[in-house]
Amino acid sequence: MITFIVRRLVLLVPVFIGLTLLVFTISHVLPGDPVKLAAGPQATAEEIASLSREFGMDRPLPQQYWHYATGLLQGDWGQSVLTRRPVAADLKIYLPATLELVFAAIFLAILIGIPAGLLSAITANRWPDYLTRILSLASIAMPRFFLALVLQLVFAMSLAWLPLNGRFPIIDLPPPAITGMLTIDSLLAGDWLAFTTSCEHLLMPALAMSLSPLATITRMMRASTLDVLQQDYVLTERALGLSQSLIILKYVLRNAFSSTLTVIGLYIGWLLSGSVLVETVFDWPGIGLYATKAIVTQDFMPVMGVTLSIGFIFVLVNLVIDLLYGVINPKVRYQ
Amino acid sequence: MTTPSTAHPSRWQNWQRSLYRFRQSGLSIAGLAIVLVLLVIAVGGSWIVPFPEHISGGINTAARFKPPSSLYWFGTNELGQDVFTLVMAVGGSWIVPFPEHISGGINTAARFKPPSSLYWFGTNELGQDVFTLVMAGARVSLIAGFGVVMIAAILGGLIGALAGYAGGWIDDVLMRLTDLMLTLPSLILAMAIAAALGAGLDNMVFAISMSWWPGFARLVRGEVIAKKEDLFVQAARALGASDSRILLRHVLPNVMSPIIIKMSLDMGFAILAVAALGFIGIGVKPPTPEWGSLLSLARGYLPDYWWTAIFPGLAIFFAVLGFNLLGDGLRDLFDPKARR
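Residues numbered from 1 in each chain as written. Chains lettered and ligands numbered in written order. Predicted model: local features only at pLDDT ≥ 70, side-chain atom pairs only at ≥ 80, totals over all residues.

Quick look at the overall build of chain A
Then, number 1: Of regular secondary structure, chain A possesses 13 helices and 0 strands.
Then, number 2: Dimensions of chain A, computed from the C-alpha atoms along their principal axes, are close to 85 × 55 × 40 Å.
Then, number 3: The burial tally for chain A puts 37% of its 335 residues in the buried class. (Helix = DSSP H or I, 4+ residues; strand = E, 2+ residues; numbered from the N terminus. Buried ≥ 20, exposed ≤ 12 C-beta atoms within 10 Å, placed from the backbone.)

If you want it as structure tokens, here you go:
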């Protein structure tokens, strides 16, 4: 087990190097001159050249890559040409907001998806099952940004139950930043009001994001429950007089963990990347909005930073999930 | 006289059985119906037909009663009108009540009219008929979605086939690259490429396909590896066929059905990705009627003018749903292993 973990960790090194190389190559192959754009339309060739020197963009590409890669190791993720702010500092502010959204979306998906999948399997081929299956088919086809707009229209604009957008009221004092996630920070500070306020802001965007993973968890739970219920050992237990609910508790819920893990592994990158859409609708100050702003102005250091951080998180989360599979299911062997 | 060999009837029976199963699945039929409606709307529009002027009654007496040819596919009628154009137009501009709005025509006297019998989906901030724009958007979405899937399948297919067939270090290099591409955030990558290339449908399609090919590469590689040691490949090799001939003429045709299934399954999500980029404001720009950008424009007029947002959104939803259902149906049809 230990050697397996160490081996997997060592294997991450070439993956990370490959990622930086790939992201660097893509961003330098693309047309567009961020320095020229940042210098403004009136800039002289001399001004552009000096700005380009300042950001090290006049050097040969291999040298630039070396500078970037060694900088990454020291926590220097480059600098935005437009705002002149270091990318690492920006990511520290925006990444937790997106992670909070993604965690909340996964939480909602599990909270609703597992019972829904169970219900669907237990009532297989009767109307609750049909209803759940149709809803989950529809959820996969539903564009997140459209659902987000509809939620806004209904719950914020018409009913005024929930705040329209943002993370926290501007006039209120947010809890002291520890993790950068407002719900957790407010709990840590013992500030109940701040907690409910941030939950209110979180609810709609998280719901809009959770739809696809929710549908997938529901489908997987349904399939695995149906599968387990047909196993010989379950039939035996039922013949011995065990109740349905006990059987489900004993065998079926075990599967809930592995389908949940699979879905998290599948969707973590999708959620992090796709949060752009939901963040746009809700003005949620996360890496999605940050990346969009940088992309539109062709400011590629922030774009590289966002892309790489999502790539790193994706790789790490999938490593952790691979390890957890073995913990919950002894049948999975490590080699 | 002996009866012909039984190989064909059994294949025919399989096919019929599959078709029967497809027909039995209500959801697959629903998906097929949605996709067909979309196709009619998209193909039937007046602005793809070769002689749009004939739709509004233009005649050409010099070309009366021409038989079908490469110019007039279905021949011409007594007025010299292209019959192909007229046939296609049945689905297109004739069902769109305000074709002039598609090319950017505005009507300030009719701004923000709610849905009515005249404006089925209401009108927008320029007095354009939302129904007309949504119908015209079908073409943009379908072409873009198909373009994405097509480019991704060809590029990914070539990379995957090369990796699978060549093996060794070529396989290693190509597949590591593919895996790395899969870890990158696809939407942000597509946004960055599209923004760098500039506005336009073709740039957007290219940008999305650049983040879409790895899935096809992995699929095709697996299929090629499974097929490349088959007897018919060995036979071709023994007969002295070159590697490229074996790959293109013998191996690839035999791995087409999973590729086509994946293309149909991906089509819905490609349409979704196109709409997403339009919604963010990268890619297609108005007046091109694209569902995502229509929705994005409409955001500014909520909640009072909800119809400007709801109908383009529903159009995206139904298009994606239709292709998903159809793709599921096709997979069940062609892939016995995935059958429920």
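From this point, the narrative continues.
A word on the overall build of chain B
Then, number 1: Regarding its fold elements, chain B presents 13 helices and 0 strands.
Then, number 2: Secondary structure elements in chain B, listed N-terminal to C-terminal, are α-α-α-α-α-α-α-α-α-α-α-α-α.
Then, number 3: When burial is assessed residue by residue, chain B has 45% of its 340 residues classed as buried.

Quick word on the interface of chain A and chain B
Then, number 1: Listed by partner, the interface residues are 36 residues for chain A and 33 residues for chain B.
Then, number 2: Secondary structure elements with two or more residues in the side of chain A that touches chain B: helix H1 (2-29), helix H6 (127-141), helix H7 (144-158), helix H11 (244-282), helix H12 (287-296) and helix H13 (300-328) of chain A.
Then, number 3: Taken together, the residues of the side of chain A that touches chain B sort by class into 25 nonpolar, 11 polar and no charged. (Contact = placed C-beta atoms within 7 Å. Nonpolar A, V, L, I, M, F, W, Y, C, P; charged D, E, K, R; others polar.)

Some points on the packing of helix H9 (residues 231-238) of chain B against helix H10 (residues 243-254) of chain B
Residues and elements named next belong to chain B.
Then, number 1: Where H9 meets H10, the axes come as close as 10 Å, and the angle between the chain directions of the two elements is 150°. Viewed along their axes, H9 and H10 adopt a mutual orientation that is roughly antiparallel. Between H9 and H10 lies a crossing of right-handed hand. Here Phe232, Val233, Ala236 and Arg237 of H9 lie close against H10, whose contacting residues are Ile246, His250 and Val251. (Axes fitted to C-alpha atoms, helices over the stretch in contact; angles between N-to-C directions. Parallel < 35°, antiparallel > 145°, perpendicular 65-115°, else oblique. Left-handed = near helix turned anticlockwise from the far one by under 90°.)

Topic: the packing of helix H8 (residues 213-227) of chain B against helix H11 (residues 256-280) of chain B
Describing two packed helices takes the angle between their axes plus the distance from one axis to the other.
Residue and element names in this part refer to chain B.
Then, number 1: Relative orientation of the contacting elements H8 and H11 amounts to 160°, with a least axis distance of 10 Å. By the angle between their directions, the pair H8 and H11 is classed as roughly antiparallel. Crossing hand, H8 versus H11: right-handed. On the side of H8, the interface is formed by Phe216, Leu219, Val220 and Glu223, while H11 contributes Pro258, Ile259 and Lys262.

Some words on the confidence of the model for chain B
Residues and elements named next belong to chain B.
Then, number 1: Overall, the predicted model of chain B reaches an average pLDDT of 79, with 77% of residues at or above 70.
Then, number 2: Confidence scores differ between elements of chain B, with helix H3 (residues 83-89) showing the lowest mean pLDDT of 58 and H8 the highest of 91.
Then, number 3: Note that residues 90-94 has pLDDT below 50 and, in this model, 13 contacts with residues that lie over four places away or in other chains. (pLDDT = per-residue confidence, 0-100.)

Some thoughts on H9 of chain B
Then, number 1: Burial analysis of H9 of chain B places just 0 of its 8 residues in the buried class, a small minority of the element.
Then, number 2: Taken from the residues just after H9 of chain B, Gly240 of chain B is the one with a positive phi, measuring 90°.

Considering the nonpolar core
All names here are of chain B.
Then, number 1: Counting 149 residues, the largest nonpolar core has Met191, Ile208 and Leu277 as its most contacted members.
Then, number 2: Looking at this core element by element, the count peaks at 18 residues for helix H4 (residues 130-166).
Then, number 3: Leaving out residues up to four positions away in the same chain, Ile208 has contacts with Val148, Ala190, Ala270, Ala273, Val274 and Leu277. (Core = buried A, V, L, I, M, F, W, Y, C linked by C-beta atoms within 7 Å.)

Things to note about unusual backbone geometry
Residues and elements named next belong to chain A.
Then, number 1: Backbone geometry places Arg84, a non-glycine residue, at a positive phi of 65°.
Then, number 2: With respect to the element layout, Arg84 can be found in the loop between helix H4 (61-73) and helix H5 (87-122).
Then, number 3: The class of Arg84 is exposed, set by 10 C-beta atoms lying within 10 Å.
Then, number 4: Positive phi, close to 50°, is recorded for Asp283, a residue that is not glycine.
Then, number 5: Mapped onto the fold, Asp283 is located in the loop between H11 and H12.
Then, number 6: Judged by local crowding, Asp283 falls into the exposed class, with 12 C-beta atoms found within 10 Å.

Observations concerning helix H10 (residues 232-239) of chain A
Then, number 1: Across the 8 residues that make up H10 of chain A, only a small minority, 0, are buried.
Then, number 2: One or two steps after H10 of chain A, the chain reaches Gly241 of chain A, where phi turns positive at roughly 100°.

Observations concerning the environment of Trp77 of chain A
Residues and elements named next belong to chain A.
Then, number 1: Structurally, the position occupied by Trp77 is in the loop between H4 and H5.
Then, number 2: Residue class for Trp77 comes out buried when judged on the 22 C-beta atoms lying within 10 Å of it.
Then, number 3: Sequence separation of Trp77 and Gly305 is 228 residues, and the distance between their C-alpha atoms is 6.4 Å.
Then, number 4: The residues contacting Trp77, other than those within four sequence positions of it, are Leu72, Pro86, Val87, Ala88, Leu91 and Gly305.

Considering the confidence of the model for chain A
Do not read the predicted coordinates in detail wherever pLDDT is low.
Then, number 1: Residues of chain A with pLDDT of at least 70 account for 98%, and the chain-wide mean is 84.
Then, number 2: When pLDDT is averaged over each element of chain A, H5 of chain A comes out on top at 90 and helix H2 (residues 34-39) of chain A at the bottom at 71.

Remarks on the environment of Phe334 of chain B
Residues and elements named next belong to chain B.
Then, number 1: On the secondary structure map, Phe334 appears in helix H13 (residues 307-334).
Then, number 2: Phe334 gets classed as partly exposed once you count the C-beta atoms within 10 Å, which come to 16.
Then, number 3: With sequence-adjacent residues up to four places away left out, Phe334 is seen in contact with Ser257 and Ile261.

Quick look at the environment of Leu308 of chain A
Residue and element names in this part refer to chain A.
Then, number 1: Mapped onto the elements of the fold, Leu308 is located in helix H13.
Then, number 2: Take Leu308: there are 23 C-beta atoms within 10 Å of it, and that puts it in the buried class.
Then, number 3: In sequence terms Leu308 and Thr20 are 288 residues apart; their C-alpha atoms lie 6.9 Å from each other.
Then, number 4: Beyond its immediate stretch of four places on either side in the chain, Leu308 contacts Leu19, Thr20 and Val23.

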